[in-house]
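Chain residues, written in single-letter form:
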6 protein chains.
Amino acid sequence: MTKPFKRILLTGAGGNLGRRLRERLNAFSDIVRLADVADIGPAGPGEEVVQCDLADRESVMRMCEGVDAILHFGGVSTEVEFAPIMQANLLGLVNLYEAVHKLGIRRVVFASSNHTMGMYETTELVDASMPPRPDGYYGLSKVWGESLSRFYWDRFGVETVCIRIGYCFPEPTTHRQMVTWLSLDDLVELLHRSLVTPRVGHTVTFGVSDNPGRWWDDRHARHLCFRPKDSSAQFAHKLPAGGDYPPADDLTTLHQGGPFLNMGPKYPS
Amino acid sequence: MTKPFKRILLTGAGGNLGRRLRERLNAFSDIVRLADVADIGPAGPGEEVVQCDLADRESVMRMCEGVDAILHFGGVSTEVEFAPIMQANLLGLVNLYEAVHKLGIRRVVFASSNHTMGMYETTELVDASMPPRPDGYYGLSKVWGESLSRFYWDRFGVETVCIRIGYCFPEPTTHRQMVTWLSLDDLVELLHRSLVTPRVGHTVTFGVSDNPGRWWDDRHARHLCFRPKDSSAQFAHKLPAGGDYPPADDLTTLHQGGPFLNMGPKYPS
Amino acid sequence: MTKPFKRILLTGAGGNLGRRLRERLNAFSDIVRLADVADIGPAGPGEEVVQCDLADRESVMRMCEGVDAILHFGGVSTEVEFAPIMQANLLGLVNLYEAVHKLGIRRVVFASSNHTMGMYETTELVDASMPPRPDGYYGLSKVWGESLSRFYWDRFGVETVCIRIGYCFPEPTTHRQMVTWLSLDDLVELLHRSLVTPRVGHTVTFGVSDNPGRWWDDRHARHLCFRPKDSSAQFAHKLPAGGDYPPADDLTTLHQGGPFLNMGPKYPS
Amino acid sequence: MTKPFKRILLTGAGGNLGRRLRERLNAFSDIVRLADVADIGPAGPGEEVVQCDLADRESVMRMCEGVDAILHFGGVSTEVEFAPIMQANLLGLVNLYEAVHKLGIRRVVFASSNHTMGMYETTELVDASMPPRPDGYYGLSKVWGESLSRFYWDRFGVETVCIRIGYCFPEPTTHRQMVTWLSLDDLVELLHRSLVTPRVGHTVTFGVSDNPGRWWDDRHARHLCFRPKDSSAQFAHKLPAGGDYPPADDLTTLHQGGPFLNMGPKYPS
Amino acid sequence: MTKPFKRILLTGAGGNLGRRLRERLNAFSDIVRLADVADIGPAGPGEEVVQCDLADRESVMRMCEGVDAILHFGGVSTEVEFAPIMQANLLGLVNLYEAVHKLGIRRVVFASSNHTMGMYETTELVDASMPPRPDGYYGLSKVWGESLSRFYWDRFGVETVCIRIGYCFPEPTTHRQMVTWLSLDDLVELLHRSLVTPRVGHTVTFGVSDNPGRWWDDRHARHLCFRPKDSSAQFAHKLPAGGDYPPADDLTTLHQGGPFLNMGPKYPS
Amino acid sequence: MTKPFKRILLTGAGGNLGRRLRERLNAFSDIVRLADVADIGPAGPGEEVVQCDLADRESVMRMCEGVDAILHFGGVSTEVEFAPIMQANLLGLVNLYEAVHKLGIRRVVFASSNHTMGMYETTELVDASMPPRPDGYYGLSKVWGESLSRFYWDRFGVETVCIRIGYCFPEPTTHRQMVTWLSLDDLVELLHRSLVTPRVGHTVTFGVSDNPGRWWDDRHARHLCFRPKDSSAQFAHKLPAGGDYPPADDLTTLHQGGPFLNMGPKYPS
């Protein structure tokens, strides 16, 4: 069967999500180019491997040459001090979009994060039209990526889907994870739809499965034709019964960002 | 079993949709009066046949006499030059609502069109509260019908459901048709709900099946108690794999109206 | 299995809903305290019984002592003259929240009503952000409860879920009841979710099953992780076929409040 | 010159605002009926005096007989314990609207309060479409009045203007008062417009002068044709220079209700 | 001094507004071409006169040749039977925009009307994003013009300012006219701004002076840099004192369209 | 007279706006600390001078020690290549807020820019609740500052006013500058109000005078009690008469960002 693409690029291929995605992407493309800042071992069949520091302009340009579309999962993916985030997630994104624009690449899928909106409360319904309220340096860097890609669409017509990924691990074990869980299958299908939909412009979508409760309203991304198939409901019986309310001043249950609120800049110092 | 109506009128009975609907309507009414500008052959059991030019005031009045409710599918149903649209869709609607008002008919279902909103982009989510953005003379004439029926509700209490019908053919074969597809069964059920819901006031709804992606938010019409049962997902395996993006300046994929954008007034002349 | 609570309080335990809920609540709590203004008979296993006039401040305080959470179904539950509503639903609520606040009870589930919004039209979609439009003294008293509980959250951090309950009887027999129907199972699950969700702040939700049509948009309460399992569609075949439109000036089909519109103050006098 | 009314009723004529308004109302009406629960002395020329307990149904009916329109400033006008508020502001309003409805009085101007919205933050812009967030029993009682009058408009066509009055004293001396100040002249003109505008339906408006800053957006009441003429800017030079920020946890500067937040139920007990 | 335009076209030059505008337009253009269906006499200095039936396609094309911009005040300007409205305001607009598009004319100012929104209530605040609710054939024809010009902007880049003109006569004498009054000077300035603003896209604005009350929110047209200088307040002293409320069922004071509500189709017949 | 502050800090004191503000700030504070990356000469009376590279964490900490509030005008203030913007506007802001947080400084006024929203069209009305659409690296860096300061408010209670400054030069000479002009006096008053308002939380406001036309709706910042006194109308007579429309594809008149659209990354390269 014909695949949609000749060559797509997955950055961050050595990261947690990158490793799980690696084996799934050959369905979309004849060749999958895998990039990471670290050595991720040899290429398998239908793969290419590139080692690349996102902060290195020339290296990023080479990484992007010849690809049809990019799944950008590279960069720092958790709350740490600012310096590495600046290099990989701020400068790295600038380098990436410069390459995309110069090389005429038409489509990017950007692994954004729910931490762009982590300071909204857990009783609020968040959608893509609401102003960002990040919960730390990491969330701020994802807001940067969303703004930068918006600019490249508005000004140069480069299309991007920003996916604000939820909790994408095999099994949720807390209330927050039950709400934000995204199964790997659903992520793969969302990537698929983000890649093949004829027009996406600059779309911000939430990467979350069809869980019983959701903090996110994804109506602005219906044109992606994505429907999650999995649900965290399957794990509900494993969770504690509830009724033991967290302290009234517990920030991590008051805000959508959860534990990230206690990992950010200068806290507790 | 008792049917809801004694006599309903279907206009445009000889058109594409009219012919497919003809056999389905006897479930709703003891008698189905079929009208068309052309000769549509003899009436079957439980049918009446009327030939009527919508631009002819007297003829429209006679067509409407004695009916309980109207399904108005008549008039020009595609993008053509203005003259026939003016006669059938502008003057024709004026004649129809004059008759409805004079005769005390309480309910009309008006076959409007998604081309009332065809200039919205395919990455936008459209709902009934947004201003019309038609994509040609045909779409403009449907805006006319929606405004006129709104007036008859506001001023005289005549109830209308305007259905912005999507792609109502047996099988979608393009991305646009996958998004806008409406199965005949779903259309029939939507007509049914539009006819029997006790109060509809002036309702604008989108006629679309439960497809994986939708450009239209139908929350303003939930009171119709309509739920589509079909989905274009069943046809997905027949479509090309994607990845071959249309040119950046291709209006027909940028806008919801699709091919109609190249069929309108003075283009390319 | 561990239950979420040691002791929860159900007020109005002798009322229509209270009696149906009584046997279901032991799943949530080791002890269920049942309160009513009338004598409701002896306590069963795992139950406590308290007789309490909500207008009696001291009595309410005693009723609330030692409970973890409250399901407040007490008070007048239909349209009657103002005096008893004032005592039970206005003063009663003041007494209840004073007790809740003084005793440090963290969570209340308040049986509000769709009659808080009964003057909206049946063609309108209502959500929790819209201003109240009650349809009589009863609806007004429920607006009072929603405002009072909002105050206790804003000012003192007492959490409340207000459930605007629909038609919660075994079987709907009118169009209005088809739209507003809430099955007992769905109500029980909604109570469950309202009790165990870690944070609810002040949530206003609509208590309604997954019926084909709905007048209410519950997006502001998705964080409760509630999904109705039942639907009034199962009763559709028993209803009349429709087509017999109510008179144009029939207030009870024009407004969501239905028959309550003819039961309110000074009508017809 | 002809005055708009034959007889208008001012309740609460002995209160702070009532006394200041008394001499101004004869411009609007041949006769001004002054009512209060207390003895307010003898009637002057063009005046009638009535003593009335709002909680007394018969007495309220007599008070309202023969009047063309009502300015309702009666009842409890500050934060006190609940009992008197219930009698005068809850039961009192029920009695008043019952009389209005029975007697066919067409127009009421209701002295509501900004304390209906006192729990909004001082950095938020509040308008009449937003849900009430009262800051105590007093504010709650004004929400009651707004809901009750809304019901009487929706159901019976009684027209009311609810004025959420700001700080209506001769001179503001705090930042909060600078923002919320309403001059007596502006109040009188707002009452005038509320009385003579041909149609007001149920209008909620904010009673505030043209101060440099405002927390309230009054766009929903433009049809009253009211424009404030005064401004608190004239007092700015008397205020302290600023820069001495209140403590971060000071509720009275965080919320629009100001000092009322520390006067409400059970605080600090 | 240099004028902005070489030649502008004023249609409807013989109508009520056209005659008052005629002498004012030479400030904007070296030549003012005046068109009307009737004979309007000889051209003055700096003028050209053209007689033109808007329903005549060829004639409209000739009328538009060589002009830089168009002020379209032509067509039927009040509520009459449908036939002449269809010819002048529906077909006429189609002919006009066809000519504009073919001739490459960049800017049209279209005299729309507040009767596009006449069925909104007089207690509602209307803005350009709200759906049309016309009050008769005339209002419907202006909705047609707004939709048609929207299409020509969306599809072909023809810029139009639609001015929903209020009561543009020398002196208001009713409450409705006080609210909707537009002075001639303000109209002229609004036309000026509509012509010279570098970009207007498709702008819908309300033509109304700075009156004490307004039903219309014009925030979507601030980019025109128009500020009214006149106000109906100057006439307030001449109006009756008020207090004599219209009957509760008087449609002309309930709705913004005023007397037009009783002039429309089939009323009272 | 007592001044509001003991010591305020102005960064970017050597820049265009910094130099003009320098002499005006002594009205607000006993001591004005002036900082710049360049040598700005000796301190005058009531001044302190600090030389500081914003990218140097220790240096920024020292710059902020002992100040009551900060006016942050430092960093790169126009569209240049990314490297210096990253150092001064991204890392520089991180350093600044780290210092502010550690030192317990309560209030920052941040010189943001209208270029955060430069890709909105000139026919759109922009407000603070709309998502950012920057027009280049510079605009992106200001979005960064707004997001970062939002985080410091949400998470740590540091108050910031972000002023999206318009065209702040002595005299506007183009249509765009007429719309976006901000007089120095108005800027000074806006800074004053931003400093002394007791509570500002995280406020985003537009810095623009009371010009005849505005692209920006500042309703979300009314609590600052700022009213511009100047208007670009005084310069209108100096501008060309208009009528000479820019080319249809001219990005700089289509978008609010104006000439910045042609100064950004990789254009035309």
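Calculation criteria
- Residues numbered from 1 in each chain as written.
- Chains lettered and ligands numbered in written order.
- Predicted model: local features only at pLDDT ≥ 70, side-chain atom pairs only at ≥ 80, totals over all residues.
- Heavy atoms only, no water.
- Buried < 20%, exposed > 50% of the residue type's maximum accessible area, 1.4 Å probe, protein only.
- Helix = DSSP H or I, 4+ residues; strand = E, 2+ residues; numbered from the N terminus.
- Pairing = 2+ DSSP bridges.
- Right-handed = clockwise from strand over helix to strand, strands pointing away.
- Contact = heavy atoms within 4.5 Å.
- Axes fitted to C-alpha atoms, helices over the stretch in contact; angles between N-to-C directions.
- Least-squares fit on C-alpha atoms with pLDDT ≥ 70 in both.
- UniProt positions renumbered as here; feature names shortened; annotations may be inferred.

Right, let's get into the pairing of strand β4 (residues 69-72) of chain A. Residue and element names in this part refer to chain A. With burial as the criterion, each face of β4 is covered, one bearing A69 and L71 and the other bearing I70 and H72. Bridge analysis of strand β1 (residues 5-11) against β4 gives four bridges, and the strand direction is parallel. Bridging from a neighbouring strand, L10 pairs with L71 of β4. By the bridge criterion, four bridges tie β4 to strand β5 (residues 107-113) in an arrangement that is parallel. In the sheet register, A69 faces β5, and the bridge partner there is R107. A crossover links β4 with its parallel partner β5, the connecting element being helix α3 (residues 82-103), and its sense is right-handed.

One thing to see here is that chain A and chain D don't touch, and their nearest C-alpha atoms sit 14 Å from each other. The two units chain B and chain F remain apart, with a minimum C-alpha distance of 14 Å.

All names here are of chain A. Reading across from one edge, β3-β2-β1-β4-β5-β7-β8 is the order of the seven strands in this open sheet, with parallel pairing throughout. Of all the strands in the sheet, just β3 (47-51) and β8 (202-207) have a single pairing partner and so form its edges. With strand direction ignored, the average angle separating the axes of adjacent strands in the sheet is 20°. Contacting β4, β5 and β7 (159-165), α3 crosses the sheet at an angle of about 170° to β4. Strand contacts of helix α4 (residues 137-156): β5, β7 and β8, with the helix running at about 155° to β5, the strand carrying the most contacts.

For the pair chain A and chain F, the superposition axis carries a translation of 0.0 Å, the fit reaches an RMSD of 0.0 Å, and the rotation angle comes to 180°. Classification of the inter-copy transformation places it as that of a two-fold axis. Residues of chain A ranked by C-alpha distance from the rotation axis are headed by P131 of chain A, positioned 2.7 Å from it. When you check the interface residues of chain A against chain F, 100% turn up at the interface there too, and the contact is symmetric in its surfaces.

This brings us to the UniProt feature "domain: NAD-dependent epimerase/dehydratase" (unreviewed entry) in chain A. What UniProt calls "domain: NAD-dependent epimerase/dehydratase" (unreviewed entry) maps, in this numbering, to residues 8-166 of chain A. Helix makes up 36% of residues 8-166 of chain A and strand makes up 23%, while its end C-alpha atoms are separated by 23 Å.

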